Each structure stands twice: as C-alpha cells, then as structure tokens.
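Overview (structure and organization)
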Amino acid sequence: GNAKKWKEGELTLPTSKGMCLKARKGEKLRDGYIIHFSWDNADLSFAEILEDAGKTPLPPYIDRQAEEDDKQRYQTIFARYEGSVAAPTAALHFSDRVMQSLAARNIVPAYLTLHVGAGTFKPVSAKSIGDHHMHNEQIVVHRDAVVALRDYSLKNIICVGTTSLRTMESLYWLGVKMQQGYEPGEEGFSIHQWEPYEHVSSQLPSPEEALDAILHHMDSHGLTGLHGETSLIIVPGYRIRMAHVLVTNFHQPGSTLLLLVAAFIGNDWRKVYDFALNNDFRFLSYGDSCLLFRNQDPL
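Residues numbered from 1 in each chain as written. Predicted model: local features only at pLDDT ≥ 70, side-chain atom pairs only at ≥ 80, totals over all residues. Heavy atoms only, no water.

**Looking at the sheet that holds strand S6 (residues 158-160)**
- Here we have three strands laid out as an open sheet, ordered S6-S9-S10, and mixed in their pairing. Edge positions in the sheet fall to S6 and strand S10 (289-293), since each of these pairs with one other strand and no more. Neighbouring strand axes in the sheet, compared pairwise and without regard to direction, differ in orientation by 25° on average.
- Bridge analysis of S6 against strand S9 (residues 245-249) gives three bridges, and the strand direction is parallel. Paired with Val160 across the bridge in S9 is Val247.
- This element, helix H5 (residues 162-179), spans S6 and S9 of the sheet and lies at about 125° to S6.
- In the packing of helix H7 (residues 256-265) onto the sheet, contacts are made with S9 and S10, and the angle to S10 comes to roughly 40°. (Pairing = 2+ DSSP bridges. Helix = DSSP H or I, 4+ residues; strand = E, 2+ residues; numbered from the N terminus. Axes fitted to C-alpha atoms, helices over the stretch in contact; angles between N-to-C directions. Contact = heavy atoms within 4.5 Å.)

**Let's talk about H7**
- In terms of burial, H7 is a largely internal element, nine of the ten residues being buried.
- Along H7, the positions that sit buried rather than exposed are Thr256, Leu257, Leu258, Leu260, Val261, Ala262, Ala263, Phe264 and Ile265.
- In the core, the buried residues of H7 are packed alongside H5, S9, helix H8 (269-278) and S10.
- Phi turns positive, to about 80°, at Gly266, one or two residues after H7. (Buried < 20%, exposed > 50% of the residue type's maximum accessible area, 1.4 Å probe, protein only.)

**Concerning the pattern of salt bridges**
- Taken as a whole, this structure holds eleven salt bridges when the rule is applied.
- Across the pair Glu10 and Lys22 runs a salt bridge, and its minimum N-O distance is 3.8 Å. With Glu10 in strand S1 (residues 10-13) and Lys22 in strand S2 (residues 21-28), this pair connects stretches of sequence that are twelve residues apart.
- Residue classification places Glu10 among the partly exposed residues on the basis of a relative accessible area of 45%.
- Look at Lys22 and you get partly exposed, because its relative accessible area is 29%.
- Connected via shared salt-bridge partners are Arg64, Glu67, Asp70 and Arg73. (Salt bridge = Lys/Arg side-chain N within 4 Å of Asp/Glu carboxyl O.)

**Digging into the environment of Ala276**
- Here Ala276 shows up in helix H8.
- Along the sequence, Ala276 and Glu209 sit 67 residues apart, while their C-alpha atoms lie 38 Å from each other.
- Not counting residues within four places of it along the chain, the set of residues in contact with Ala276 comprises Phe250, Phe281 and Phe283.

Pasting the structure below:
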C-alpha cells in the first residue's frame, strides 16, 4: 500500500549493529515489487539482520506500533522454524495447559508447517473471485504427520486454522497428482490456485488413497519429509476432504479466509457471523475463536 510513496533509489534502514543496510525497489510484479537488500557485513546472514532491524509483523489492521510483549503474544506455542510473515492466529488460543487437557482426552496432535505469506491479508478486490490472484505459501510436512492423517482419515480430524486447512487440502491434491504419475522435482511440489477445480469429483480417490500415494512416494524415495508450495484457494463450491472440524478466528469481509469458512460450513456462515456480531465477539488476530463443523455437501 505504501509503494507509491517509495520513489526510485535506495533507502538506508536503521540497525543497531553499526552496519549499512540498504533496500532498493526492483521490478514490478502483478501485486507488488521485488525488493533487493544489501549490507556491508558479510559475517551476518539476512535472518540475523531481520531479527535486529525488524519488528514483530503485526497485521495491518492492528493500528499500533509493535511492542516488546508482541514477540511472545503474537507467537504460537507450536512455532519452530523461521519463515512466516505472520502468526497462524487460530493457534494463539492454544497453551501448554490446553494441550495437556487435550492429551488427557486422547486427542492426538499432528504437526504441519505452512509459512504464512503476506497475501493472507490481501482482500478480494476483483469483481469475480475467478480474477483474484492467490498467493503462494511454503509447506513442509513430515512422514509421521502424513501417517497420522492417514490413520485418522475415517475419524474426526480437527484442523487448527485456515493455514493448516489449506495445507491438508493441498496434501490431498498432491496425493491425487502422485496417483497420476506426478514426481516433484528438487524445488518441491506445487499446487496451483485452480488446479483442484479442474478435476471431476466422481473420478477422485478417497483421502486415504491420496495419502497412501504420498507415503508410497516417500518410502520409495527414502524420504522422511516433503516440501513445496501451494496457492490453493478454497471458495464456496469446493468440497473439503481432509478435515471434519475447523478451529479458526473470525475473519474480515472480502477476504479469502471468509470464503474458506463459507466453503467449510455452507450457508450457515451467515448465522455464525450474525451471532458473533450481535454478541460483541472480537474479530481478527487477537480476537475470539470458533469451532466449525464441516458441511458434508458442497454448495
């Protein structure tokens, strides 16, 4: 949104390490720019520079400066790897005490990695959803998570967050492609925005069969994990295959996240949001959570 204010030339950015960090606006993309960074201390990695010069990346709708407490508050207990530009906020509702309570009820966790991208905040401005350009997000999944999903595919799988749901649905389509002979390259697998909508539902495998295809690929290649990217968009008309229940926050109008909720529970999404509005529920990142049950039939 501030790109228009950035004229040509380099910007010098402040750091506390006594070095010169510069940023130069490069080539224009469809919905942004390539930014080139350079610095004069070869002993520091860019990750170390970001940690020093950067601030906690609060979503743009949190209208205040980041505070020191945000380093803990705007972070989940599941965080392990650097790469996201924002927290997967549905997971902010989980604490160690909550996880212990779930374990006592024999609810077994499985962990996925999806690096949240800046596009998650991009509103749908196109007149038709078919003209909306969905962002890519990076996925890492380990074999034990795929096995857990396979074992529970006929039971209730509870998905925490829209990012996790996109990951799990992308895994399903990866399995579909592998059944058809797809082999990911060294750069990893890729699931494109509208790819799932090109298939005929009656010809598709079950979630168990799709996950079996992934496990077969991993075992035959001696892999303990897979990485790739997804730009899958989930909108009304899409049939959810992997998750039965979704834990998520309340999302803003005109967002792909609200479209995902509508696809997950059907037309009842209006009742859910009317109830939230009429009872002063808090929306967005630091807001309230809801538990949604999948509508079995696509709209």
